[in-house]
Amino acid sequence: MDHRNHLDRIDHTHDAIDHGDRTLDALGLAEAPRDHPLSYPGVWPEESGLLDGDRLLPLTRLTFPGRVPVLAVGSNACPAQLRHKMREYELSSPIPLVKVKVTGLEVGVSAHVSGMGYVSASPFRAPGHTRELFLTWLDPAQLAAVDASEGVTAPSGAYDRVVLPAADFRIELESGEPLDGAHLYVNRRGVLHDGTGTPRTHPGQRPLLAELLAESPRLRELFGSTPEEFCSRARGDRRLCTAGTRLFAAEGRTTASGLEKYVLGQQTGSPGTGASFSPPLM
């Protein structure tokens, strides 16, 4: 079955039904972190939905065979950010976002400074821990676009895409049905720790930057003393972001995510990557 066409048929069905105003603006989901770095990771939906251009429509199903399930731990669960990424690569096919419960993962802090002006999220292994995340079901072109945006296709990129086996991680749909594995982006440089060697969790951009700046005089020298200054200086300055990333490592702030073993030996370009895109500013 052509699942792009299947989603198009879902969309046509929704066009015939009055769901009220389901635009991202009306739902309070229109602000993207790439435009407002301090809002990172952006606003996530309250429920599963089908992102179709400027609308988030109700879903009629939770799985989409033929598409690739990819867990989102940061701004990839923000509809406005996803909309930006798709438009950047001139893609218009709808994207299902499905709420799931994941056991074995927690959301940490990437050990790098993004050229978008923020310090992004990255997962780390947390056996026995369960939390809600969103699963994006991507067609080959969409997957290639998100891969490029995460730096998977660039030697100096920030992330690798891995497959999490169901034997190690339970991913449960809202129906209670377990999913047989999913893909995930793992930071190549590891994650930041809390000072004890334990990965720190991502509290949101403003409190995170306030904590990091308070802890490091050298970081304040590079990025200023406030979250606002940090974002302003970092945004678009690749050289400065690289310096900040190196400082994290030099100050001993980084630690392993515990997910490294899933990277080794995996071919992150398959299955279903389709076309290859050049990465935007990261």
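Predicted model only: the values in this text are computed from it and were never measured. (Residues numbered from 1 in each chain as written. Predicted model: local features only at pLDDT ≥ 70, side-chain atom pairs only at ≥ 80, totals over all residues. Heavy atoms only, no water.)

A. How the structure looks around the pattern of salt bridges. All told, the structure shown has 18 salt bridges when counted by the stated rule. Close ionic contact of Arg83 with Asp54 constitutes a salt bridge, the shortest N to O distance being 2.8 Å. With Arg83 in helix α3 (residues 79-88) and Asp54 in the loop between β1 (49-52) and β2 (55-57), the pair connects residues that are 29 residues apart, well separated along the chain. Taking relative accessible area as the criterion, Arg83 reaches 15% and is therefore assigned buried. Among the residues examined, Asp54 registers a relative accessible area of 36% and is labelled partly exposed. One salt-bridge network, in which partners are shared between bridges, spans Arg200, Glu211, Glu215, Glu251 and Arg253. (Salt bridge = Lys/Arg side-chain N within 4 Å of Asp/Glu carboxyl O. Helix = DSSP H or I, 4+ residues; strand = E, 2+ residues; numbered from the N terminus. Buried < 20%, exposed > 50% of the residue type's maximum accessible area, 1.4 Å probe, protein only.)

B. Structural detail: the packing of aromatic side chains. For the structure on display, the rule yields five aromatic pairs. Between the aromatic rings of Phe223 and Phe230, the centroid separation amounts to 4.3 Å while the plane-to-plane angle is 25°, which identifies the pairing as stacked. The same class applies to Phe223 and to Phe230, which are both buried. When the ring centre of Phe64 is taken as origin, the NZ or CZ atom of Arg61, which lies over that ring, is 5.1 Å away. (Phe/Tyr/Trp six-rings, centres within 6.5 Å; stacked < 30°, edge-to-face > 60°. Lys NZ or Arg CZ within 6 Å of the ring centre and 35° of its normal.)

C. The pairing of strand β8 (residues 182-187), seen in detail. Burial analysis of β8 places six of its six residues in the buried class, which makes it a mostly covered element. Of the two faces of β8, the one holding Ala182, Leu184 and Val186 and the one holding His183, Tyr185 and Asn187 are both buried throughout. With six bridges joining them, strand β6 (residues 159-164) and β8 adopt antiparallel strand pairing. Residue pairing in the sheet places Asp160 in a bridge with Val186 of β8. (Pairing = 2+ DSSP bridges.)

D. Examining the pairing of strand β3 (residues 68-72) more closely. Burial within β3 is extensive, with five of its five residues counted as buried. Side chains Val68, Val70 and Ala72 project from β3 onto one buried face, and the interleaved Pro69 and Leu71 project onto a second face that is buried too. Relative to strand β5 (residues 121-138), β3 is paired through five bridges, and the arrangement is antiparallel. In the strand pairing of β5, Val68 is matched with Leu138.

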